[in-house]
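Chain by chain, the residues run as shown.
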Amino acid sequence: MALLLGLTGNWGKQGTGTRSWAISGLDGGSFMRQKGRPGQDAAREWVTNLAKARRMLTADDPTLTLEMVTYRAAQMAAELGGLGRMIPPAFLWYYQYGYKERWNNPDNNDPSMKRTFDEYLNESIDRGWWDSGLAKTYREVVPRVLFEAGGNMLRRQRGGQRLLLDKLWPDLKMIVSVDFRMNTTGMYSDYILPAAQHYEKMGNSMPSVHHLNFVLIDQAVDPPEDVLNDYDIGIGLVRKIEERAAAREMLQFTDRNGVQHDLRDITNKLSMDGFLLDEERRMDETIKDDAAYGILPPDSSLDVARQKGAIRWTGWGLVGHGLGQASTIKPDETHNPFRWHTEDKMPYPTLTRRAQFYIDHEWFLEAGEEFPVHKEPPGHGGPARQFKMTSGHNRWSIHSMNMTNNILLNTHRGEPFMFINNRDAEAKGIENGEWVRVISDVGSMQITAKISPSVRPGQVIVYNGFEPYMHREWYSQADVEPGHVKWLGLVGGYGHLQYRPLQWQPVPADRAVHVDVEKVS
Amino acid sequence: MGTITQSKRQLAWVFDLNKCIGCQTCSVACKVLWQQDKGTEHMWWMTVNTQPGRGTPRDYETMGGGYKDGVATPGKLPSPEEFGGGWDYNYDEVLRSGKGRTAHLEKIAGSKTWGPNWDEDEGAGEFPNSYFFYLPRLCNHCTVPGCVEACPNNALSKDPENGLVLRNEDVCQGAQMCAQACPYKKIYFNPSLGISQHCIGCFPRIEQGVAPACVRQCPGRAAWIGFLDDDRGAVSKLVNKWKVALPLHAEWGTKPNVFYVPPLAPVPLNPDGTFNEGGERIPLSYLKSLFGEQVGGAVDTLKAEMDKRRRGEASEVMDILVMYKWEEALGGFDRDPAEIVWSTNGAG
Ligand code: SF4
Ligand code: SF4
C-alpha cells in the first residue's frame, strides 16, 4: 500500500487522504519527571538542555536532520536505560514461554525462511542487533512478579493463555492487576487494584495525529467505593515501598541492570515534593508544559481546556512519534504527513535518505523481500485447515473496554461471535447463532456463529476483545492464534531498521491464521 | 378513542444512511438517559438495525397497524420474545463464586432467540456483491399518529408547539392499544409500572433548547433535528427543498416525521472481477420497498450533487450533508445541556 502511494505520488501533499496512524506524544506528561521541579521555566530549561544534547549527537554528522537525531536519541536513551530498559517481549516469549518450538516449526513459516528460527535469533543477538533491547536478559532472569495495569495478558497474549498459565504462572510469586475491568487476568491474580474508569478521573484522550487535538476528559462522577485513580494507586504503592524500606533499613535497591535506586524520600521525589499529588494541579501543569514544549498554544491551561474541551496542537514536541509525521501543523489546514520531505525536500530518515522500499539486507535478499512482494499467508495454525481467521476491532466498545458491560452487550448478540460466510455455514450445517468450535494446531475455542454474505468464503472474522470468560471453557481467539513472529523482524543494525523501544522490533503477526470450524456436538 | 389535535409546528429528524456507521451511540445515549429503571431493561426507544434484516421487534414490518386509505389497520402486539434482548448476566457466578472455568458469562434474563440488534452486519446478496446499511429508528412523532387515536384512555397527545407525541403516564393504563396501532412497533410495555412507554423526543431537553440525545451524540454527523417549516434549516432543506430525505414506509399512513437520506453503494462486480458499471448493488426495488417510489429521484439527486462537487462546483445538498459544523445538526436547539441545572420538576 505504501509503495503504491509512493509510486503514485499520493503522500506528503494536501488532499491525498490516506495516511498511516501514529500516536503522538504529549511531552508535558512524558517529561514531567525529567524536568525536576514545578513551573514552565523548568520545562524550558529541560528542553534547552535536551536540544543541546541532541546537537551533540550531530557532531559526527552535521547532515543529520531533526527527525534522524530524534531517532538516534531515542535509541541511545534505550541503551542507557533512559526508558526504563524496555525489553522487546518476543525474547521473553522465546526463552521462557515455550514459543521456541512453534517458531521453529517450518510448517508455520513462509517457505522462504531458509534456516531455523533459532539460527536467525542467535545470529541477530550475536551480531549485537538487540543489545540495547537486552535480548539476552530473559535467558538468565526468571520473572517473579507480574504487575500489569490495563494489560489483561490472559486475553491478549497471542499464542494463548495456556503457555502463560503453564510456563510463566508457576514461577510467579505475586501477580497484581490494576484495572477498571474485572477481566480474565484479574481472575488469575493475587491482587486486584480497582482503578477509576474514564469520567471517574481526569484524563485526556489518546493524542492521535488524526484529530490533532488535546482533548480533556474531565471527571464527571466519583469513582465507586474503594476505586482509586491509577496515579493514586501508584503513589500509594510508592509510599508503602518507602515505608517498608525504612522499616527494614533497606535504603538502596540495585535493579537488574546494576543501577542503584535510593529508596529514601521516593514519594517526594516522584511527586515533586507533593506538588503533583493534586489531580487538578497535575493536569494543569501537564497542559502548561505542553505549551512550553510548543505542542499547545502559549496560553493553554486546565481552565482553557475545560472551556474549550479540545485544544488544537501547534507543534509535535520532542519525541519521535510526533516528529515522525514530518509536517508542519498549520492553523487552518488539514494535516498530511511527510510534507517536510515532499515540499521542503528534507531527506527521509532512512538508510538512503530517500523514500526507500528496497532493503538490501542479506536476510531480506535471501527471503526475496528486498522489495514489497505478495506472499501467501504462512501455514501457521495448520496449513491444511479450511478457513483463515482474521480479526479487527469491534464497533460497540473501544478496544476491549466495556466488553462485558450489560448495556453494550444488549447492542449486539450479547455473546462472543464469529462471522462466517453463508455458503460455508450452509455446507457445514451451521445455524445462525449456534455455538461452534474453532480449532488450530495450538488450541481451540468455542464461539457462536454469525452468518453474513459479506464475509469472504473461506474466511472467518472474530473481533478482538471478547473476554475469555465470555466463552465456554474460557478460551478465546488468542488461544487459537499461534503468536508467530516473522524472522525478518529480528533484523537490526541496518539503516532505519534499528531497535527503538515501541517501534521496530519482532512482533507476532497473527493474520490469516489457518483454522477449522466444527459444530459443537 | 383518543383524538389527534394538530400542532402548530412539527419537529422532524433526518438521518443520512450514507453516514450512519451503526455505532449505536445514539441508542446507548437514549438508553442511558431514559431507560435505566426497573421495567425498562428490554426497552430501546432508539434502535439501529442492519438492513436488509428482520429488525426489532423481529419482523416488525409484517405486524400491521397504521392506516390504509385513512382507515386504521389492525396491528399485532409484539411479544417480549419478538422484541428480544433485556439480557442480564451471571456476573456473580462467573466473577465471585469461585467456579473458575466451569462457568462462563451467560444470559440469565431476557430473550433466548433475539435482541434489539440481533442481525447486525448480516445483510443480503452474495459475496462479493453483498450489501447492507444501517437504519436508525425511533418513534416517528407522526402527523397522523395511529397510537394517539387508538388509546382508549386518551393518554397520548401531540404537543401543540412542536408536534412531539407525548404520553401522560398518570393516565396510561397499559392497555397497549397504542402498541398494536403503531406500525413501526416503537412502543414498549413497562411491566413494573403497568404502562406503555415510548420515545418522547427528549421533550424536557427540547423545552430547554437542547437537542435530543440521539442527535447531539451522533459521532457520524449523520443526524439532524429541526422544524419542518424552518425554510433555512437543514431538515427542511433536505426534506422539502431537495427531496433527498424520505420517510420510512410512508404507505403505512401515519405521516412519519423521521426522514432518511437513502444509501448509495459501490457498483457490483462481474464474475471476472471487473466493475459492473450499470449494475445495482443495493437493488432499487429494495430501497423502494422502504422509502417508496420517490427514492429513485432522491438517489439521482444525490449522485448529481456529488458529481457537481467532484467538478469543483458548489452544492448546497452536499454542504448540508457534510455538516461542516456539528451545531448545524441541532436545528437551533444548541444549548449546552451541561450548563443547565436539571431538576425533576422540569425547572431549568
Ligand atoms: S411511530 Fe408509532 S408511536 Fe410514534 S407517533 Fe407514529 S404511530 Fe405513534
Ligand atoms: S449515533 Fe449516528 S452514526 Fe451512530 S448509529 Fe446512531 S445515527 Fe448512526
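Residues numbered from 1 in each chain as written. Chains lettered and ligands numbered in written order. Predicted model: local features only at pLDDT ≥ 70, side-chain atom pairs only at ≥ 80, totals over all residues. Heavy atoms only, no water.

Asks: Teacher, can you tell me more about the overall build of chain B here?
Replies: Per the secondary structure count, chain B includes eleven helices and 14 strands. Computed over its C-alpha atoms, the radius of gyration of chain B comes to 21 Å, within 12% of the 20 Å expected for a compact globule of 348 residues. Viewed in the frame of its principal axes, chain B has a C-alpha envelope of about 60 × 60 × 45 Å. Restricting the contact set of chain B to residue pairs at least 6 apart, pairs at least 24 apart contribute 68%. For chain B, the computed accessible surface area is about 15400 Å², with 54% contributed by carbon and sulfur atoms. If the 36 positive side-chain charges of chain B are averaged to one point and the 42 negative ones to another, these points end up 1 Å apart. (Helix = DSSP H or I, 4+ residues; strand = E, 2+ residues; numbered from the N terminus. Rg over C-alpha atoms; globule rule 2.2 N^0.38 Å. Contact = heavy atoms within 4.5 Å. Areas by Shrake-Rupley, 256 points an atom, 1.4 Å probe, with all protein chains shown as cover. Lys, Arg positive; Asp, Glu negative; His and termini not counted. Charge placed at Lys NZ, Arg CZ, Asp CG, Glu CD.)

Asks: How do you make sense of the sheet that holds strand β13 (residues 246-247) of chain B when you look at a structure like this?
Replies: Sheets are built from strands paired through backbone hydrogen bonds, the pairs being either parallel or antiparallel. What the four strands build is an open sheet, ordered β12-β1-β14-β13 (chain B); its pairing is mixed. Two strands in the sheet have a free side with no partner beyond their single neighbour: β12 (223-227) and β13 of chain B. (Pairing = 2+ DSSP bridges.)

Asks: In this structure, what is going on with the site of ligand 2? I would like to understand it.
Replies: Close to ligand 2 lie B:Phe15, B:Cys20, B:Ile21, B:Gly22, B:Cys23, B:Gln24, B:Thr25, B:Cys26, B:Val48, B:Pro136, B:Cys218 and B:Pro219, which account for all nearby residues. The residue inventory of the shell around ligand 2, partitioned by class, reads nine nonpolar, three polar and no charged. (Near = heavy atom within 4 Å. Nonpolar A, V, L, I, M, F, W, Y, C, P; charged D, E, K, R; others polar.)

Asks: How should the packing of aromatic side chains be read in this particular structure?
Replies: How two aromatic rings sit relative to each other is set out by the distance from centre to centre and by the angle between their planes. All names here are of chain B. The final tally for this structure, using the stated rule, is 36 aromatic pairs over all chains. Centroid distance Phe133 to Tyr286: 6.3 Å. Interplanar angle 55°. Geometry classified as tilted. Pair noted here: Phe133 is in strand β7 (residues 133-137) and Tyr286 is in helix α9 (residues 284-291), with a separation of 153 residues, a long-range link. In this structure, Phe133 and Tyr286 share a single accessibility class: buried. (Phe/Tyr/Trp six-rings, centres within 6.5 Å; stacked < 30°, edge-to-face > 60°. Buried < 20%, exposed > 50% of the residue type's maximum accessible area, 1.4 Å probe, protein only.)

Asks: Would you mind showing me how to read the interface of chain A and chain B here?
Replies: The figure often quoted for interface size is the accessible area lost as the parts come together. The interface is formed by 42 residues belonging to chain A together with 39 residues belonging to chain B. In total, about 3200 Å² of surface goes out of reach between chain A and chain B, with carbon and sulfur atoms giving 51% of it. A per-residue breakdown of the area chain A buries against chain B is headed by A:Arg395, A:Ile407 and A:Asn410, which together make up 22% of the total. On the surface where chain A and chain B come into contact, there are six salt bridges. Of the charged contacts, one joins B:Glu120 and A:Arg395 as a salt bridge, the two residues approaching to 2.8 Å between their closest N and O atoms. Seen at the junction of chain A and chain B, the total is 32 residue pairs in polar contact (both at pLDDT 80 or more). When residues of the side of chain A that touches chain B are traced back to their parent elements, those giving at least two are α11 (161-168), α20 (406-409), α21 (422-428) and β12 (443-451) of chain A. Tallied by class, residues from the side of chain A that touches chain B come to 19 nonpolar, 14 polar and nine charged. (Buried area = accessible area lost by both parts, 1.4 Å probe. Salt bridge = Lys/Arg side-chain N within 4 Å of Asp/Glu carboxyl O. Polar contact = N/O pair within 3.5 Å; in protein donor to acceptor, adjacent residues only side chain to side chain.)

Asks: Mind showing me how you'd approach the pattern of salt bridges here?
Replies: Where charged atoms of side chains with opposite charge meet at close range, the side chains can pair. Residues and elements named next belong to chain A. Evaluated as defined, the whole model comprises 49 salt bridges over all chains. The shortest N-O distance in the salt bridge between Asp118 and Lys100 comes to 2.9 Å. With a gap of 18 residues between them, Asp118 in helix α8 (residues 117-126) and Lys100 in helix α7 (residues 99-104) connect regions that are remote in the sequence. With a relative accessible area of 37%, Lys100 lands in the partly exposed category. Taking the shortest distance from any N to any O, the salt bridge between Arg127 and Glu362 comes out at 3.2 Å.

Asks: Is there a simple way to explain a negative patch on the surface in this structure?
Replies: On the surface, B:Asp319, B:Glu327, B:Glu328 and B:Asp334 cluster together into a negatively charged patch. For B:Glu327, the position within the fold is in the segment after α11 (316-322). (Patch = residues over 30% accessible without salt bridge, like charges linked within 9 Å, V, L, I, M, F, W, Y side chains within 5 Å.)

Asks: I would appreciate a short explanation of the nonpolar core in the present structure.
Replies: Most often, soluble globular proteins have nonpolar side chains that are buried together. Membership of the largest hydrophobic core comes to 106 residues, with the highest contact counts inside it found for B:Trp13, B:Val14, B:Phe15, B:Trp224 and B:Phe291. Here the element with the most residues in this core is strand β1 (residues 11-16) of chain B; it accounts for five residues. Counting residues in each nonpolar core, the second largest holds 41 residues, with A:Phe91, A:Tyr94, A:Leu146 and A:Val485 among its members. (Core = buried A, V, L, I, M, F, W, Y, C linked by side-chain atoms within 4.5 Å.)

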